[in-house]
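# Working through the structure, step by step
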Amino acid sequence: MLTGNALVAAAAADVSSPVGVWRIVDETGDPKALITISEHDGEIVGALTKSLGRPDGLERRCTECTDWRKDKKLQGLQIIRGLHKDPDSDEYVGGKILDPDSGSEYGCKMRVVAGGKKLEVRGYFGISLLGRTQTWIREP
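Treat the numbers as computed from the prediction; the structure is a model and nothing was measured.

### What to know about the pattern of salt bridges
- Applying the stated criterion across every chain yields a total of nine salt bridges.
- Counted as one network, the salt bridges with shared partners bring together Asp67, Arg69, Arg81 and Glu105.

Structure (structure tokens):
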């Protein structure tokens, strides 16, 4: 029987899983932040763990948020929630992703690509066609 830490390590070792630490890069390729994605009771969630773009990035607060995250520090803030593995595909679907700059929350889906080295994260409004995809890089 595996302990909690062993389960996290086993999931992180699975390159087809989004569990792990990911580097967000913007459209120009500049690194912005690190996100730690974990699984809790079958739900994929993700929290901001380190700012790479601004020295004060994680000291900032989510002043534009309108839910329980209102005025919470960005460091440790859950920005991804509710994703579940689609049994019929390689995607994780049905989730939400927060833009802490605007306080807006969008639909979210993701899938691991490039042999586990990259994560395609799509945020969308209403339907998946109305959104954009970012590619995040897995941290070693």
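### Quick look at the packing of aromatic side chains
- Per the stated rule, a full pass over the model turns up zero aromatic pairs.
- Between lysine 85 and the ring centre of tyrosine 92, over which it is positioned, the NZ or CZ distance is 5.8 Å.

### Notes on the pairing of strand β1 (residues 20-25)
- Note that β1 and strand β2 (residues 31-40) share six bridges and pair antiparallel. Paired with valine 21 across the bridge in β2 is threonine 36.

### Observations regarding the nonpolar core
- Formed by 24 residues in total, the largest nonpolar core has its most connected members in Ile35, Ile37, Ile80, Met110, Leu119 and Trp136.
- Those elements that provide at least two residues to this core are β1, β2, β3 (43-51), β4 (78-85), β5 (91-99), β6 (104-113) and β7 (118-124).
- Apart from the residues lying within four places of it in its own chain, the contact partners of isoleucine 37 are Pro18, Val19, Gly20, Trp22, Ile44, Val45, Gly46, Ile80, Met110, Leu119 and Trp136.

### Topic: the side chain of glutamine 134
- Counting through the fold element by element, glutamine 134 comes out in strand β8 (residues 131-138).
- Side chain to side chain, glutamine 134 and tryptophan 136 meet in a polar contact 2.9 Å long.
- When near neighbours in sequence (up to four residues on either side) are disregarded, glutamine 134 contacts Ile24, Val25, Glu27, Leu119, Glu120 and Val121.

Conventions adopted
- Residues numbered from 1 in each chain as written.
- Predicted model: local features only at pLDDT ≥ 70, side-chain atom pairs only at ≥ 80, totals over all residues.
- Heavy atoms only, no water.
- Salt bridge = Lys/Arg side-chain N within 4 Å of Asp/Glu carboxyl O.
- Phe/Tyr/Trp six-rings, centres within 6.5 Å; stacked < 30°, edge-to-face > 60°.
- Lys NZ or Arg CZ within 6 Å of the ring centre and 35° of its normal.
- Pairing = 2+ DSSP bridges.
- Helix = DSSP H or I, 4+ residues; strand = E, 2+ residues; numbered from the N terminus.
- Core = buried A, V, L, I, M, F, W, Y, C linked by side-chain atoms within 4.5 Å.
- Buried < 20%, exposed > 50% of the residue type's maximum accessible area, 1.4 Å probe, protein only.
- Contact = heavy atoms within 4.5 Å.
- Polar contact = N/O pair within 3.5 Å; in protein donor to acceptor, adjacent residues only side chain to side chain.

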